[in-house]
Amino acid sequence: MADPSTRIDESDAPPDPGRRTFLLRAIGGISALIAAALAIPVVGFASAAGWRAQTPLRLLGQSVPPTLRGTGWVSVGKLDSYEVGVPQLVVVPKQIVDGWVTREDDVAAYIYRRREDKVVGYDIHCTHLGCPLSYVEGARRFLCPCHGGQFSREGNVVSGPPPRPMLQYTTKIENGEVFLGPLEVEE
Amino acid sequence: MRRLWGWFEERLGIGPALSGFVDRKIPRDIGWFHALGSATLFLIIVQVVTGIALTLSYVPSPDHAYESVLYIDATPFGGFVRGVHHWGASVLVIVIVLHTLRVFVWASYKYPRELNWVIGAVLMVVVLAFAFTGYLLPWDQKAYWATVVGTNVAGQVPIIGGPLLELLRGGAQLGAVTLVRFYGAHVWVLPAALGILILTHIYLVIHQGIAAPPRLKPLTEPVPGEPRKATYEREYAAEKRAGKPFAEALYIDALVALATLVLVSVLAIVLGAPLDAPADPNSTGFVPRPEWYFLSLFQLLWYFLGPLEPLLITVFFLVAGGIFVLVPFLDRNPERHPRRRPIALGIGAVCIVAIVGLTWLGATGAASGLPTVAARPGLSAQELAGLELFNTVGCTACHTIDGAGGDAGPNLSDVGTTHSADELHEHILTPDTPNMPAFDQLTDQQVEDLVTFLQAMQ
């Protein structure tokens, strides 16, 4: 009963309830502050790819071709080396950016000489879920090996689940030579 | 030895806790089926141990991932460790499903264990996320294309699909950033989640005790008007009084763990760890297929058609996942014995049949694209030549014969009875519908073979 400092340590009396509430709230508040201070940069960094996404928000979601995007134009050969009406698979080296790496890498595309002077370049991926399309000459179809998607030579959906036509590369013809540009991905 | 233990025990003081742990009473009828839970835990431990070993030689970069896996396989025990990790994942998926089924059939998720079902359901999703992030890591063909499809499925989510897809891939494209993200998720993020969830799951099992297998006739007399809590506690106390020591169950767990280890080791030695050709983003002939445990989902994507497909898929997954997680709150029937839960068990059985059936269809179905029609017995040489053409020039893309082929055009299984040779001739060379291309590039002989073959289809 002498001095209050020893009484607190030795008695079985419950601690001052006001003090206890204050301590627990303070500990909780400080912990929440620390958690937020850590979580904002950590979660922000880890999810940057999501909130900085280039793919626009759409009411209905859709697939995105996985191809590493090339920059600039690359020659895919003479126009006359392409038969009119027959899509042809080409694999050309393009300058690509892969995260922190910029290097030359092969990119595949279907080159389709639609008319004498008209050339289209198609991305090889099905617009349903991105499986690689093969062109079958007899049936004149691009066929998907996954869920039965089919595209015509013009890149339009013939049957199956694909929601939109095949994606195209920009192309140009200069001096009888065909050049493949960037993929036309709508922004 | 005894003195050494005594020295430690004097300082650690865990002896009484250990004795209490192995001696405490559990319901008597707990037996082999309960070992599925401990087998799940055991397999997770095996995955952690072998996974840690694999990180010592694995490089998560497209330049080196595949080669580092080859290097692991060429190192003594390396192929075995990777094999155990690979097959352990498959066996883990099977065992965790069986464990869930055991809990479902015996209604162990009912009061007061609802929370542990929810945690277990989330754990199952985490295990599948482990599987999904894990099999990209070898950076082989199967890995690359399964991840293309898997991330595109995430892209189907309405409105946030694009950002979600890019969050998974680390950008719009699939490359170096994707691989290292999946690696980081596989070895750090998911294990952290797994650890917290498993500790909570096991804490609840120890704290609440193992649920007794259901009885048709309870051990104690029910008291009318008694609250649920009192009924449960009286009955569980009676189960424990008639029970056996926990060491009995641990003994079965140990035997099952040993058998599980033998199983995955045999699989690893006999079948080895598979590795496809290196990932090639330009391979147009490749047929992407996921691991077997995702085949049912892959097959499911056949059945959602039309412009609203992405919405339907998302709603389906949300509803199915929500129902799975919330089973204890949807199933209000207080009965626990299977015979008194016909509706719940019926719904469960339908789900199992659907999942197994979809997996079977996915595993046995031919790749779409150009399926191959098998020869019917007794075809002549010319008819066989026609069949060869039918399979190779692209007819099967749109036409089905005997169950193989596409459905964009008519089924031709009995076309020989409905069309004359002249009509077939005309259809092949000058089709009257714009959907069918003219096969005028074929030689006269080839068209003749094809027509002869089709005539035999009756």
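Caption draft 1: Here's a closer look at the domain arrangement of chain A. Considered domain by domain, chain A is made up of domain 1 (4–46) and domain 2 (74–183). For domain 1 of chain A and domain 2 of chain A, the distance between their C-alpha centroids amounts to 63 Å.

Caption draft 2: Representation of helix 1 (residues 2–12) of chain B in the model. Among the 11 residues that make up helix 1 of chain B, one are buried, leaving the element largely open to the surroundings. Looking one or two residues past helix 1 of chain B, G13 of chain B carries a phi angle of roughly 65°, positive in sign.

Caption draft 3: Seen up close, the packing of helix 5 (residues 78–105) of chain B against helix 6 (residues 114–134) of chain B. Residues and elements named next belong to chain B. Contact geometry of helix 5 with helix 6 gives a least axis separation of 11 Å together with a crossing angle of 165°. The angle between helix 5 and helix 6 places the two elements in the roughly antiparallel class. The two elements helix 5 and helix 6 cross, and the hand of that crossing is left-handed. Note on element contacts: helix 6 touches helix 5 through W117, M124, V127 and L128, opposite L92, V93, I96, V97, T100, V103 and F104. Among the residues forming the contact of helix 5 with helix 6, the class breakdown is 10 nonpolar, one polar and no charged.

Caption draft 4: Layout of the domain arrangement of chain B. By the assigned domains, chain B splits into domain 1 (21–282) and domain 2 (381–455). Using only C-alpha atoms to locate each centre, domain 1 of chain B and domain 2 of chain B end up separated by 50 Å.

Caption draft 5: Inspection of the state of the cysteines at higher detail. Residue and element names in this part refer to chain A. Counted under the stated rule, the structure contains one disulfide over all chains. In this model, C131 is linked to C146 through a disulfide, with the two sulfur atoms separated by 2.0 Å. Torsion about the S-S bond of the C131 and C146 cystine: about -85°, corresponding to left-handed handedness. Highlighted residues: C131 in the loop between strand 5 (118–122) and strand 6 (134–136) and C146 in the loop between strand 7 (141–143) and strand 8 (150–152), separated in sequence by 15 residues. The burial state of C131 is the same as that of C146; both residues are buried.

Criteria and cut-off values
- Residues numbered from 1 in each chain as written.
- Chains lettered and ligands numbered in written order.
- Predicted model: local features only at pLDDT ≥ 70, side-chain atom pairs only at ≥ 80, totals over all residues.
- Heavy atoms only, no water.
- Domains from an automatic or database assignment.
- Buried < 20%, exposed > 50% of the residue type's maximum accessible area, 1.4 Å probe, protein only.
- Helix = DSSP H or I, 4+ residues; strand = E, 2+ residues; numbered from the N terminus.
- Axes fitted to C-alpha atoms, helices over the stretch in contact; angles between N-to-C directions.
- Parallel < 35°, antiparallel > 145°, perpendicular 65-115°, else oblique.
- Left-handed = near helix turned anticlockwise from the far one by under 90°.
- Contact = heavy atoms within 4.5 Å.
- Nonpolar A, V, L, I, M, F, W, Y, C, P; charged D, E, K, R; others polar.
- Disulfide = S-S within 2.5 Å.

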